[in-house]
Amino acid sequence: MCGQKARFLSHLTMSTKTKGQNDIGQHYNPADLSHVSVPQEELDIRPKVSSLLSRLVNYTNITQGAKEHEEAESTGMSHMKAPKSPNMGTLMGVYLPCLQNIFGVILFLRLTWIVGTAGIVQSFFIVLMCCSCTMLTAISMSAIATNGVVPAGGAYFMISRSLGAEFGGAVGICFYLGTTFAAAMYILGAIEIFLKYLVPQAAIFHASDPHGGDSAILNNMRVYGTICLSLMAVVVFVGVKYVNKLASLFLACVIISIISIYAGAIKSIFQPPNFSICMLGNRTLVRDQFDVCSKVVLDGNVTVPSQLWKNFCSSGNISSPQCDDYFNQNNVTEIQGIPGLASGIIRDNMWGDYLEKGQILEKAGLPSVNVHGAVESIGLYVSADIATSFTLLVGIFFPSATGIMAGSNRSGDLKDAQKSIPIGTILAITTTTLVYFSSVVLFGACIEGTVLRDKFGDAVSKNLVVGTLSWPSPWVIVIGSFFSTVGAGLQSLTGAPRLLQAIAKDNIIPFLRVIFCDSLPSLRTLLPCTNLPLYHHQSVFGHGKANGEPTWALLLTGLIAELGILIASLDMVAPILSMFFLMCYLFVNLACAVQTLLRTPNWRPRFKYYHWALSFLGMSMCLALMFISSWYYAIVAMCIAGMIYKYIEYQGAEKEWGDGIRGLSLSAARYALLRLEHGPPHTKNWRPQVLVLLKLDEDLHVKYPRLLTFVSQLKAGKGLTIVGSVIQGQFLDSYGETQASEQAIKNMMEIERVKGFCQVVVASKVREGIAHLIQSCGLGGMKHNTVVMGWPYGWRQSEDPRAWKTFINTVRCTTAAHLALMVPKNVSFYPSNHERFTEGTIDVWWIVHDGGMLMLLPFLLKQHKVWRKCKMRIFTVAQMDDNSIQMKKDLAMFLYQLRIEAEVEVVEMHDSDISAYTYERTLMMEQRSQMLRQMRLSSAEREREVHRGHSLVRMGSLYSDEEEEVVEHEAEKIQMTWTKEKYEADRRNRNNAPENFRELISLKPDQSNVRRMHTAVKLNEVIVNKSHDARLVLLNMPGPPRNTDGDENYMEFLEVLTEGLERVLLVRGGGREVITIYS
């Protein structure tokens, strides 16, 4: 080897020197691959480094929304103009978009109510849980996002490429639904601000009684929400560029609103805003229904009833009032709604006050006479519109912590995505977390508790509660929050269709697969998928306008968002989208944990500050938050994801993305295989692990597909099934044929519903290939213990002995390998998977004990629907000296202990004289054997004739493989000369032919063969008599003789034994017990 290498190097050096001497003045380029004689076809599959790098540069410059790299490198994209270079940095590309998506409607409309209801301590804990969950998810997301380029789809792309198409599709749909319901939530928030604080007069429906206010509000929300959704959908349809241009304005509104809150809190230290609330006893009154917080007022020098008096009293006469009892016995007081940061109100707001629906807001510490007031007066008090609890508040607040995927969704527009995504996302979460923490403290330290618990600001003259604290005016918050919610709704309506488009383009979810008619673009015909060439296969949800806008996906998004609008309650919609977002975040953490623990070679994220424990903690927190916020919503969300997962698994397209679940499966398989190496399985765990030996015809089609049908009925998808076949030839010449054979077998396995593996080997001889399969199939402890092969039909009529010799050789190989063997005879008569036996029996003829295989196989077959209605009968044979009655009792007890239901029958076989039929069958068998033997003895002379005549016809097909080898070796030694002695010998052999024929006529059969034939004939008579109408007959398969001279007689014995039976399964045990009476 060293000498060859030295000669090669010296030759290369000499050729280089010669080229340099002959091509004087020419520049030699050492990078030119032609100098090392690399073939062009090699360069096609293994490109030069320079071309690879140029392609990678173009790959990293893909714009957002472009096809991912598997499709982007196709030749059909060459006519498109070059994309623009990404130039967005961390601030504009990740940080500010994340801030805009995280800050939203909950901060302005519900955070004050959450603080007042849960108290500062529990609100702090709610914010800590939600923000910790998103921070841990951001760490996992940063690791995944920096492990490669993340095209359109964001979280869907990361999860699908990390956990596989099934998880990716399920979680992608959940993320899409969450984003769509987020659009509905933002629209409901904008309508709530519009109708409650901006233009209350625009309400269409009004309450006719104090108890009908809720339905009127919900109907107003539905009407205006639908109008707003339609307008936003039109804006997105007309052009997303307008949404992107307004994004900066919406973000400015959010930032200005938050700054005004901090400014108002600081100002409240010195000059608290004047928002007084009116209390009747300790109950909070609705402020906009009266002008003066007093029972009476002075009109000149006369004391007259106030508007408040008139609301509670039916008579306007002060001297004889007919008033509400609670109004009569309690005083009216006025307290400051915004005491300010230095007032010490924080002590009263530390702990929560959860209310039931309809419960009146009360302030502890104010004197009150607890009497029941009139029912008609309920509408004059501020009351809770829903029942509150800690878990409900968690579900409502969590959407204010979402939006962390905004940076990863824009990865194609970032200058350095692997640097910007982690920094920008984590900084944005840190900023929002600090804002939420400080807001909780400021709200609790500045605002009166009853005002905090007043969700809609009824106690402060219908003002937005957070607006009462802001500076310089409450209108800053009202207008700013309105525009921010509208902007967030537009962003959600823009992002959700693109997410659905990314899922549809991957073509993994069948119900998203529809077809678009290219031939009739004006009609835009939508039809189910078909194979007609007239149609161009493309998902309608992956299709859009000419500029790539997903039109149909936008329409579907609008319809789903309308469902959220019809719910019409912000507090009901928020927990729904919390479930979907938490589901998505859970799988982001799971993806990072799986990739980290598997240590796959491709897992090389640039973001280093991650750990699998953090990912598992984030995953656990997501799961806990799902059940804390709403356990029934959590179950529904998980069921939706589970159904989509199973739907994709059974009906979806198979995608190989190098996902972590595949790696996890490999690791689990490796672990299980190593565990199986400890020893053979216990008898209780034994089941047939089958190696099926198939024969292919000249067209590489499976010759006996019913063999696979029988195996599928026997296995029912359990255990190991390996389908093997042998191709005769040389591997280098037959590789393509091997691939075609494997595909044909796999197709047949799919048709026959056989779950297993396929292996095709190439060997110079079929019997050697079968021996290789028997020895090498399987891996470790996952190896076959049973071989199934077909019967060599037509072996009697064929002069070629290779078929039955290969069969017997396989029987010997399985015996030597201690494997069980099953040979279905007349397999073409076996039932298909679509047939049903409504009656009949499976008969077992138990001649010798072979480990219990004959008992176990009928039980396994009866598990399949084809054989389920068949009854099982067991026959055994008693000799003259056996007690047949005791044998039947013992066998029945044995079956009872095996827990197998079967009828038992003992058949007595008496010794009898050998019949003339038996003698004749034996004689015919031996005469045929002798004739074939004489034909083989003259093979050398005929082979010489073939060589002498220079004929191309080979006579090797008449002989076995071993004999072919002998003839070939002898033929090499034969000299092509013809002498007189050889001519005389050849003539003598020709003259001896009549003598050989006379020997065949006068042949007497061997007595041992006669005895064996007698046993086979008598046993066959008994079996046919008892089991002629059985659906299947199982019987012991006798072993082949040790002396190979009797192989042909062995085949004849098996034919006689099974003669007259429609379906026979010959079974030979592997030498170990496969069934036990113990539990």
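Above this text you will find the structure in question.
Residues numbered from 1 in each chain as written. Predicted model: local features only at pLDDT ≥ 70, side-chain atom pairs only at ≥ 80, totals over all residues. Heavy atoms only, no water.

Draft legend 1. Local environment of unusual backbone geometry. Each neighbour pair has its own omega, and for tryptophan 471 with proline 472 the value is 15°, a cis peptide bond. With respect to the helices, strands and loops of the structure, proline 472 is situated in the loop between α18 (465-469) and α19 (474-506). Positive phi outside glycine occurs at arginine 753, with the angle close to 60°. Relative to the helices and strands, arginine 753 resides in the loop between α26 (735-751) and β11 (757-763). The phi dihedral of histidine 818 is positive, around 55°, even though this residue is not glycine. Relative to the elements of secondary structure, histidine 818 occurs in the loop between α28 (802-816) and β13 (820-825). (Helix = DSSP H or I, 4+ residues; strand = E, 2+ residues; numbered from the N terminus.)

Draft legend 2. Summary view of the pairing of β11. Within β11, 5 of the 7 residues are buried, which leaves it mostly tucked inside the rest of the structure. Where strand β10 (residues 721-728) and β11 come together, 7 bridges link them in parallel fashion. For serine 725, the partnering residue across the bridge sits in β11 and is valine 760. A crossover links β10 with its parallel partner β11, the connecting element being α26, and its sense is right-handed. (Buried < 20%, exposed > 50% of the residue type's maximum accessible area, 1.4 Å probe, protein only. Pairing = 2+ DSSP bridges. Right-handed = clockwise from strand over helix to strand, strands pointing away.)

Draft legend 3. Layout of the sheet that holds β11. Taken in spatial order, the 10 strands make up an open sheet running β11-β10-β9-β12-β13-β18-β17-β14-β15-β16, and their pairing is mixed. Each edge of the open sheet carries a strand with a single partner, namely β11 and β16 (903-908). The average angle at which neighbouring strand axes cross in this sheet is 20°, direction not considered. Note: strand β14 (residues 841-846) against strand β17 (residues 1032-1036), 4 bridges, orientation parallel. Across the sheet, residue aspartate 843 finds its bridge partner in β17, namely valine 1033. Sheet strands in contact with helix α27 (residues 766-776) are β9 (690-693), β10 and β11, and its direction is about 155° off that of β10. (Axes fitted to C-alpha atoms, helices over the stretch in contact; angles between N-to-C directions. Contact = heavy atoms within 4.5 Å.)

Draft legend 4. Region of the structure containing the pairing of strand β15 (residues 871-878). Within β15, 7 of the 8 residues are buried, which leaves it mostly tucked inside the rest of the structure. Strand direction decides the pairing type here: β14 and β15, joined by 6 bridges, are parallel. Within β15, the residue paired with isoleucine 842 across the bridge is methionine 872. You can see the chain leave β14, run along helix α29 (residues 853-861) and come back into β15, and the turn it takes is right-handed. Pairing of β15 with β16, which is carried by 6 bridges, proceeds in the parallel orientation. Pairing of valine 877 across the sheet is with valine 907, part of β16.

Draft legend 5. Summary view of the nonpolar core. In this structure, Met185, Phe397, Met405, Tyr436, Phe443, Ile447 and Phe587 are the most contacted members of the largest nonpolar core, which totals 169 residues. For this core, the element with the most residues is helix α9 (residues 165-198), which contributes 22 residues. Core analysis: the next-biggest nonpolar cluster, separate from the first, contains 50 residues, Leu696, Val711, Ile727 and Ile900 among them. (Core = buried A, V, L, I, M, F, W, Y, C linked by side-chain atoms within 4.5 Å.)

Draft legend 6. Region of the structure containing the environment of glutamine 271. Looking at where glutamine 271 falls in the secondary structure, it is placed in the loop between α11 (240-270) and β1 (276-280). Along the backbone, glutamine 271 and glycine 340 are 69 residues apart, and their C-alpha atoms lie at a distance of 7.7 Å.

Draft legend 7. Looking closely at the packing of α19 against helix α20 (residues 551-567). Two elements in contact, α19 and α20, have axes whose closest approach is 8 Å; the angle formed by their N-to-C orientations is 120°. Relative to α20, the element α19 lies oblique. For α19 against α20, the interelement crossing comes out right-handed. Every residue of α20 that contacts α19 at Leu493, Ala496, Pro497 and Leu500 is listed here: Ala553, Leu554, Leu556 and Thr557. The class makeup of the residues in the contact of α19 with α20 is 7 nonpolar, 1 polar and no charged. (Parallel < 35°, antiparallel > 145°, perpendicular 65-115°, else oblique. Left-handed = near helix turned anticlockwise from the far one by under 90°. Nonpolar A, V, L, I, M, F, W, Y, C, P; charged D, E, K, R; others polar.)

Draft legend 8. Quick peek at the pattern of salt bridges. Applying the stated criterion across every chain, the model contains 14 salt bridges. Between arginine 110 and glutamate 192 there is a salt bridge, and its shortest N-O distance comes to 3.0 Å. With arginine 110 in the loop between α6 (105-109) and α7 (111-145) and glutamate 192 in helix α9, this pair connects stretches of sequence that are 82 residues apart. Overall, the relative accessible area of 2% leaves arginine 110 in the buried class. Residue classification places glutamate 192 among the buried residues on the basis of a relative accessible area of 5%. A salt bridge links arginine 110 to aspartate 571; its shortest N-O distance comes to 2.8 Å. Taken together, the residues arginine 110 in the loop between α6 and α7 and aspartate 571 in helix α21 (residues 570-598) connect sequence positions 461 residues apart. A single salt-bridge network, built from bridges that share partners, covers Arg110, Glu192, Asp385, Lys455 and Asp571. (Salt bridge = Lys/Arg side-chain N within 4 Å of Asp/Glu carboxyl O.)

Draft legend 9. Quick look at α26. Taking 1.5 Å of rise per residue, 17 residues should cover 24 Å, and α26 covers 25 Å from first to last C-alpha, within 8% of that figure. Taken as a whole, α26 has its buried residues at Thr738, Ser741, Glu742, Ala744, Ile745, Met748 and Met749. End-on, the buried residues of α26 take up no more than an arc of 165°, which puts them together on one face. Relative to its buried face, α26 has exposed residues pointing more than 90 degrees away, namely Glu750 and Ile751. Residues of α26 that are buried in the fold lie against α25 (706-715), β10 and β11. (Expected span 1.5 Å × (residues − 1). Arc of directions from axis to C-beta.)

Draft legend 10. How the structure looks around the side chain of serine 142. Note that serine 142 resides in helix α7. Residue contacts for serine 142: discarding those within four places in its chain leaves Ile421, Pro422, Ile426 and Phe607.

Draft legend 11. Highlighting the packing of aromatic side chains. Per the stated rule, a full pass over the model turns up 29 aromatic pairs. Relative to phenylalanine 437, the ring of phenylalanine 124 has its centre 4.3 Å away and its plane inclined at 25°; by these criteria the two rings are stacked. Here phenylalanine 124, found in helix α7, pairs with phenylalanine 437, found in helix α16 (residues 417-446); they are 313 residues apart in sequence, far enough to count as distant. On the accessibility criterion, phenylalanine 437 (15% relative accessible area) is buried. With 5.9 Å between their ring centres and 75° between their planes, phenylalanine 607 and tyrosine 609 make a pair best called edge-to-face. (Phe/Tyr/Trp six-rings, centres within 6.5 Å; stacked < 30°, edge-to-face > 60°.)

Draft legend 12. Molecular detail of the state of the cysteines. If you walk through the whole model with that rule in mind, you get 2 disulfides. Two residues share a disulfide in this structure: cysteine 278 and cysteine 293, whose sulfurs sit 1.9 Å from each other. Taking the sign of the S-S torsion, 80° for the link of cysteine 278 and cysteine 293, the bridge is right-handed. You can see cysteine 278 sitting in strand β1 and its partner cysteine 293 sitting in the loop between β2 (283-284) and β3 (296-299), a full 15 residues away along the chain. This pair shows no difference in class: cysteine 278 is buried, exactly as cysteine 293 is. Between the sulfur of cysteine 313 and that of cysteine 323 lies a disulfide, 1.6 Å long from S to S. Because the sign of the S-S torsion sets the handedness, a value of about 105° for the bond joining cysteine 313 and cysteine 323 places this disulfide among the right-handed ones. Of this pair, cysteine 313 sits in the loop between α12 (307-312) and α13 (325-329) while cysteine 323 sits in the loop between α12 and α13, and the two are 10 residues apart along the sequence. What makes cysteine 313 buried here is its relative accessible area of 8%. Disulfides within the chain link the bonded cysteines, taken in sequence order, as 1-2, 3-4. Cysteine 758 carries a free sulfur, and the closest cysteine sulfur to it, the one in cysteine 777, is 9.6 Å from it. We classify cysteine 758 as buried; its relative accessible area is 17%. (Disulfide = S-S within 2.5 Å.)

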